[in-house]
Amino acid sequence: MSKLNEILQKKFGHISFREGQKEIIEQIINGKDVIAILPTGMGKSLLYQLPAYMKEGTVIIVSPLLSLMQDQVEQLKILGEKRVVAINSFLPFQERELAFRHLADFKFIFTSPEMLQNEQFNRALKKLSIAYVVADEAHCISQWGFDFRPDYLRISNWLQSLNKVNVVALTATATKDVVEDIKKTLRMNNPFEFIHSLDRPAIAYEVVEVDNQQEKLSWILGRVTSTEGPGIIYTQSRKKTEVYAAFLREKGISVAYYHAKMEQSDRILIQQQFQQGHLEWICATNAFGMGIHKDNIRQIIHDHIPTSVAGYMQEVGRAARDGDQAIASLLYTSTDVEQTFYVSMQDFPEEQDIQIAFKPEYAEVEQAETTTRILKYWKERLNEQDTIQLFKQIKQKKWQDIQKFYSMIQNDICLRQQLLHYFDQPLLEKPIHCCSKCKLDVPSILGKRMKNRNDQVEMNWKKRLHTLLPL
Amino acid sequence: MHFHQILLFIIHKISGQRSENAPFYLLKGKKSGQTIQDVTYFQLHAFFSILPQLSKEDYDTAITELYKEQFIELKESTVHITDKGISAITQQKNVLLNGWQYRGKEHVFWKRLDLAVQTLSQFHANDKKFVPNQKDIDTQQFVKDYLIQHNFRQFNLSKEMKHELHLLLENPSLDDLHRTFFVYRLSGFNTIGLTWEQLARYHKLSELDAKIIFLECLHTMLDNISREASPLLYSLAKNIRIETPLTDSAFKTNSLLEKGYSLEQIADLRKLKINTIEDHVIEIVSANKSFPISTFISKEQVYEILHLSSELQTKKLTEIKNRLPEVSYFQVRLALTRSEQLHE
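Values in this document were obtained by computation on a predicted structure and should not be read as measured data.

Further remarks concern unusual backbone geometry. Residue and element names in this part refer to chain A. For the peptide bond that leads from Gly229 to Pro230, omega is -5°, which places it in the cis range. As for its position among the elements, Pro230 is in the loop between α10 (213-226) and β9 (231-234). Positive phi values are uncommon outside glycine, yet Asn190 reaches one of about 45°. By secondary structure assignment, the location of Asn190 is in the loop between α9 (176-185) and β7 (192-195). According to the relative accessible area criterion, Asn190 is exposed, its value standing at 58%.

So, in structure tokens, the structure goes:
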């Protein structure tokens, strides 16, 4: 057995590599810059984790999403790796000091783009021998990406301040333009490019036009009560997650809602209940999904037109991790385009917001975090008129994107093909269960729902305590 | 005790003396001179800082309901309890909350307990790879050290801990609802805790009420943990009780006072306003019954203020101060704070 396979088995508990993994890992070990695009759920983390055990030095992973960072640290710890730390603004001061002093003890250091500006951190980093730097969610680097993080652009200067170091860029969604952006910003030197097809053959796509919101609800009730989960229903408002959950519960479904306004402890409990199969369905806003490691999700339902194709792919990509057949259903009405545009523009700065931002007495007023972040970045680089112009363009592009998505679901062309085309990829092979435009026999995909589980058992604290601690 | 009951209880005490928002700041645990002194004036220690996450929206909804029920009314910008309100206060066996003592630290204990139970449960099932419910590093480090120190692989920690929990939960001050909420928030192997919404729905309560019931249980258990009867939980509750319940800043002022500095000197040294230092003194007096106040106010003045306060049936500073122009607001506050302690 090769050394790589041995590590794969011993450290990660897998028997064999998935398509492309071994090749990429070898390139990293050989000291090549790598840019890899793989769909969600195809083992991206392994790509940067495994080579660490074949190379001297520390791996630095720059990750723009705090929740993602935390999840990855947790996953590594579960694999038994103790030499792992997340250094971000949430780390308490004392912990941070301690970590800085012992940086060399860690094999994996996760950090945020913001943290790269911290002088003390950089001084400590300079003393390390760095195996390679990983830019996770690298599409956030691109200003054209759907979740541009200006802070991420600073990674460019930061990389220059280090001695020659290899860079690995990972993402699940990138068009050609974005890939070019990533290469440039990360100063990649003739990188090895691995572009996996973003197609997920095990997921069938279904789009259903209905007349109004009431029909969406009845459709959902019909589907969920007659077919098997587990599944996620994505909706756009917190209120709606609660409404759907209440209706489904009444029909005997074991279901919970999930949104960002819930306490963190409750969010964790819901995730765990779902993951362990105590809940069949989750009604959620797009806050749900990060860090869900559940292989057997069979259905993803959207009751709206998503604000971006990339976001949609990420959400449906949570289904069928086990490779078994799943279905993604999208319900819409003809007026949903306006609604979605409205939602996606909620946090977007208007012309007058930009004008105010350019006034000398401007202090950061109450605006959504994303807005403040992006506005602040451009304010340092452009004048008022150009900024206004730029935001007009972004807004227009957003509108076009949503329109494009709308026409994709409305026309007669294969949806799978169109989704891939959006990312400049061809559809190589059509699966049997493709999409509702290619003919889809839903009953043959979804199992028939048997009976409701009766989970309303009497609560008994003594029994429960004994279940928790059986001794 | 339900949320509405707590509000009525508090408003009964401050009736006609404070604004309708005073209970909000008290429940949130606002660290202002006013709120902290009110805790002592009106004997509201139980409720201080019990709901730090309480939103103004939820609070206002509850207050509006009380107005609608005519349990409370607004007169000259202070909130009053009505006769109807008084009769709506159900007699409590005793108040189980102890907010002044724990100040949110009870949740640190809870996090440790939650993670310890989860870990023991997982290890017992021989499933050592699990996602911890508690994410913060302090808690994880504490529990790790704790488990190792207690030799959790050999020693029968699990059994002993269950025994201690059982004993504390059997406390007759608690009822089955308390016990259920407490135990069902815990997680372990293949048994995940319930959310507030799930607990509340099952028992047809509001989420806020569910949280309060849980907190009553948590406080009562913490109150009764002892080195002798519950040694394991005792060491899990390390540094949870606040020995000197002072804010950090008041604590510094206290140290300087003990060294003999005057209020002006302390304000100078700490680059703080004299008002702030006076707030600290009120806080220190509230916390420490034997703290001498004779350097700030004479016995005669204390007597005069208290006499007036009972004559006018008020604890409103302005009313008292207007009748006694020679004393300062600070002195009125001192006298009122001390007087409540004499009644304890």
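Take the packing of helix α15 (residues 351-358) of chain A against helix α17 (residues 384-410) of chain A next. Residues and elements named next belong to chain A. The contact between α15 and α17 brings their axes to 10 Å, and the two run at 150°. With respect to their mutual orientation, α15 and α17 come out roughly antiparallel. Crossing geometry of α15 relative to α17 is assigned as right-handed. Residues Glu351, Ile354, Gln355 and Phe358 of α15 form the contact with α17, whose participating residues are Glu384, Thr387, Ile388, Phe391 and Lys392. Its residues assigned to classes, the contact of α15 with α17 shows four nonpolar, two polar and three charged.

Here the focus is the environment of B:Ala335. All names here are of chain B. Note that Ala335 resides in helix α19 (residues 329-343). Note: C-alpha distance between Ala335 and Gly85 (250 residues apart in sequence) is 30 Å. In this view, Ala335 contacts Ile297, Val302, Ile305 and Leu306; residues no more than four positions away in its chain are not counted.

In this section: the packing of aromatic side chains. Residues and elements named next belong to chain B. Evaluated as defined, the whole model comprises 22 aromatic pairs over all chains. With a centroid separation of 5.2 Å and an interplanar angle of 75°, the aromatic rings of Trp110 and Phe182 are classed as edge-to-face. With a gap of 72 residues between them, Trp110 in helix α7 (residues 106-124) and Phe182 in helix α10 (residues 176-185) connect regions that are remote in the sequence. Overall, Phe182 belongs to the buried group, its relative accessible area being 1%. Geometrically, the ring pair formed by Phe296 and Phe330 is edge-to-face, given 5.8 Å between the ring centres and 70° between the ring planes. Here the residue Phe296 occupies a position in the loop between α16 (274-287) and α17 (299-312), and Phe330 occupies one in helix α19, the gap between them amounting to 34 residues.

All names here are of chain B. Inspection of helix α15 (residues 263-270) places Leu263, Ile266 and Ala267 among the buried residues, and these make up the whole buried set. Buried residues of α15, seen end-on, are gathered within an arc of 100° and therefore sit on one face of the element. The outward face of α15, more than 90 degrees from its buried face, is lined by the exposed residues Glu264 and Asp268. Positive backbone phi, approximately 55°, marks Lys271, located one or two places after α15.

For the rest of this paragraph, the subject is the domain arrangement of chain B. Residue and element names in this part refer to chain B. Structurally, chain B comprises domain 1 (3-94), domain 2 (106-236) and domain 3 (248-342). One C-alpha centre belongs to domain 1, the other to domain 3, and the line joining them spans 24 Å. Listed per partner, the contact involves eleven residues of domain 1 and 15 residues of domain 3. Taken together, the two surfaces of domain 1 and domain 3 that pack against each other cover about 1100 Å², and 53% of this comes from carbon and sulfur. The largest share of the area that domain 1 buries against domain 3 comes from Gln17, Thr40 and Tyr41, three residues that together contribute 50% of it. On the surface where domain 1 and domain 3 come into contact, there are zero salt bridges. Taken together, domain 1 and domain 3 are joined by six residue pairs in polar contact (both at pLDDT 80 or more). Ranked by residue count, the leading element in the side of domain 1 that touches domain 3 is helix α3 (residues 33-41), at five residues.

Within this structure, the stated rule accounts for 26 salt bridges over all chains. For the salt bridge of A:Lys183 with A:Glu193, the shortest nitrogen-to-oxygen distance reads 2.6 Å. With a gap of ten residues between them, A:Lys183 in helix α9 and A:Glu193 in strand β7 connect regions that are remote in the sequence. With a shortest N-O distance of 3.0 Å, B:Arg179 and B:Asp176 are connected by a salt bridge. Taken together, the positions of B:Arg179 and B:Asp176, both in helix α10 and three residues apart, correspond to about one turn of that helix. We classify B:Arg179 as buried; its relative accessible area is 9%. A network of salt bridges, in which partner residues are shared, links A:Glu180, A:Lys183 and A:Glu193.

A few words on the interface of chain A and chain B. At the interface, 37 residues of chain A touch 47 residues of chain B. Between chain A and chain B, roughly 4100 Å² of surface is buried when both sides are summed, and carbon and sulfur atoms account for 59% of that area. Among the residues chain A hides against chain B, the three largest losses belong to A:Met459, A:Trp461 and A:Arg464. Together they make up 21% of the total. Inspection of the region where chain A meets chain B yields four salt bridges. Among the salt bridges present, the one from B:Lys135 reaches A:Glu74, with a minimum N-O distance of 2.8 Å. Where chain A packs against chain B, one counts 18 residue pairs in polar contact (both at pLDDT 80 or more). Among the elements of the structure, α4 (66-78), β10 (255-258), α12 (264-275) and α20 (461-468) of chain A are those that each provide at least two residues to the side of chain A that touches chain B. Counting residues per element, the side of chain A that touches chain B draws most heavily on α12(A), which supplies eight residues. Residues belonging to the side of chain A that touches chain B are distributed by class as follows: 16 nonpolar, eleven polar and ten charged.

Reading the values: the criteria
- Residues numbered from 1 in each chain as written.
- Chains lettered and ligands numbered in written order.
- Predicted model: local features only at pLDDT ≥ 70, side-chain atom pairs only at ≥ 80, totals over all residues.
- Heavy atoms only, no water.
- Helix = DSSP H or I, 4+ residues; strand = E, 2+ residues; numbered from the N terminus.
- Buried < 20%, exposed > 50% of the residue type's maximum accessible area, 1.4 Å probe, protein only.
- Axes fitted to C-alpha atoms, helices over the stretch in contact; angles between N-to-C directions.
- Parallel < 35°, antiparallel > 145°, perpendicular 65-115°, else oblique.
- Left-handed = near helix turned anticlockwise from the far one by under 90°.
- Contact = heavy atoms within 4.5 Å.
- Nonpolar A, V, L, I, M, F, W, Y, C, P; charged D, E, K, R; others polar.
- Phe/Tyr/Trp six-rings, centres within 6.5 Å; stacked < 30°, edge-to-face > 60°.
- Arc of directions from axis to C-beta.
- Domains from an automatic or database assignment.
- Buried area = accessible area lost by both parts, 1.4 Å probe.
- Salt bridge = Lys/Arg side-chain N within 4 Å of Asp/Glu carboxyl O.
- Polar contact = N/O pair within 3.5 Å; in protein donor to acceptor, adjacent residues only side chain to side chain.

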